[in-house]
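# Summary of structural features
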Amino acid sequence: MIKADMNRKMEIARKKVWDAIHAHGGTTLLSTGISGDDARMAKAAIEAGARMLEPNHPAVALARGYKGVTNMHAAEQIRHEIPLQEMAKVTSGVRQVAGNDIYITVGIPGGFTEVMPTILSDEDFKLMSLAGADGLHVHKTDLKDLEEVVERAHKYGLLIDAYIGRSSDLHPFGIPADTPEEVAKVAKLMENMGVDFIGLMTGMSYEGTKAGEIPVIIQERIQALVESVKVPTLAEGGINIVNQKAFRNTGINILVVGTAIDDMAELAVREAVKNFIP
């Protein structure tokens, strides 16, 4: 009954992504964290040139101080407790400020590999679509689970960006693939099942790396990804203002940046407040 309508919705959303990629010379930004879930910061990001935003439930938990969390590592532990209805409200607010030309993908409880059973129904996908989401930011670790999410999301006109990780990652944020060869194999499987954009978790968020550098193994994994699929590709984890230049030379289409922007925003607030304190 609505298949053609939802296909058209997805076509419009894909165009937003490709337009952003082309406008920024082949590699664009997916702005998340504070700039994804705070409409004021989203507006600032858009005014600076961002064309893609990502509200997500761990960032909302951190922004709300839910259960006293003060860092993203802690927020990841209780992210599944954020009501999906809250994510719909956040998305709706950001959409109303951002306008229709900005691509919005949303991380929702049940869309990640949660630590407690978190079931998504058709009504949940419909709710997020009606709230203004173009897509869902998904971190499943099982291909069958991911395939089910893709099928249901597409039913309601939502695209999916999903990720490849490693079995040794501190937080399980993607389908595990430990070698470049496995990355290429998994990426092709994801593309064939209908994943719209495929990302690689760098592992650098918690492991760290030298300023401005990308470890060779990550370079090899990125190369395996970009050479194996035709859909837009993403990199997420530990990308900052220094090493982002190196990522731009890898062929990756979209850089997912949250913590680096959050840290700069926090520093700006501290410095601003100091000016008002005797």
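Keep in mind that what you see is a predicted model, and the values were worked out from it rather than measured.

The element strand β1 (residues 28–32) is extensively covered by neighbouring structure, given that 4 of its 5 residues are classed as buried. For β1 and strand β9 (residues 254–257), the ladder comprises 4 bridges, and the chain directions are parallel. Note on β9: the bridge partner recorded for T28 is I254. Where β1 and strand β2 (residues 52–54) come together, 3 bridges link them in parallel fashion. From the neighbouring strand, L30 faces β2, where its bridge partner is M52.

Following the criterion strictly, the structure yields 16 salt bridges and no others. Here E47 makes a salt bridge to K43, at a shortest N to O gap of 2.5 Å. Note that E47 and K43 are positioned in helix α3 (residues 39–47) at a spacing of 4 residues, about one turn of the helix. Residue E47 is classed as exposed on the basis of its relative accessible area, which comes to 58%. One salt bridge connects D122 with R152, and the closest N-O pair in it is separated by 3.5 Å.

By the secondary structure assignment, A184 is in helix α9 (residues 180–193). Using a relative accessible area of 17% as the deciding quantity, one classes A184 as buried. Separated by 166 residues in the primary sequence, A184 and W18 have C-alpha atoms spaced 22 Å apart. Discounting chain neighbours no more than four positions away, the residues touching A184 are A224 and S228.

Here is what the cut-offs are and how they apply
- Residues numbered from 1 in each chain as written.
- Predicted model: local features only at pLDDT ≥ 70, side-chain atom pairs only at ≥ 80, totals over all residues.
- Heavy atoms only, no water.
- Buried < 20%, exposed > 50% of the residue type's maximum accessible area, 1.4 Å probe, protein only.
- Helix = DSSP H or I, 4+ residues; strand = E, 2+ residues; numbered from the N terminus.
- Pairing = 2+ DSSP bridges.
- Salt bridge = Lys/Arg side-chain N within 4 Å of Asp/Glu carboxyl O.
- Contact = heavy atoms within 4.5 Å.

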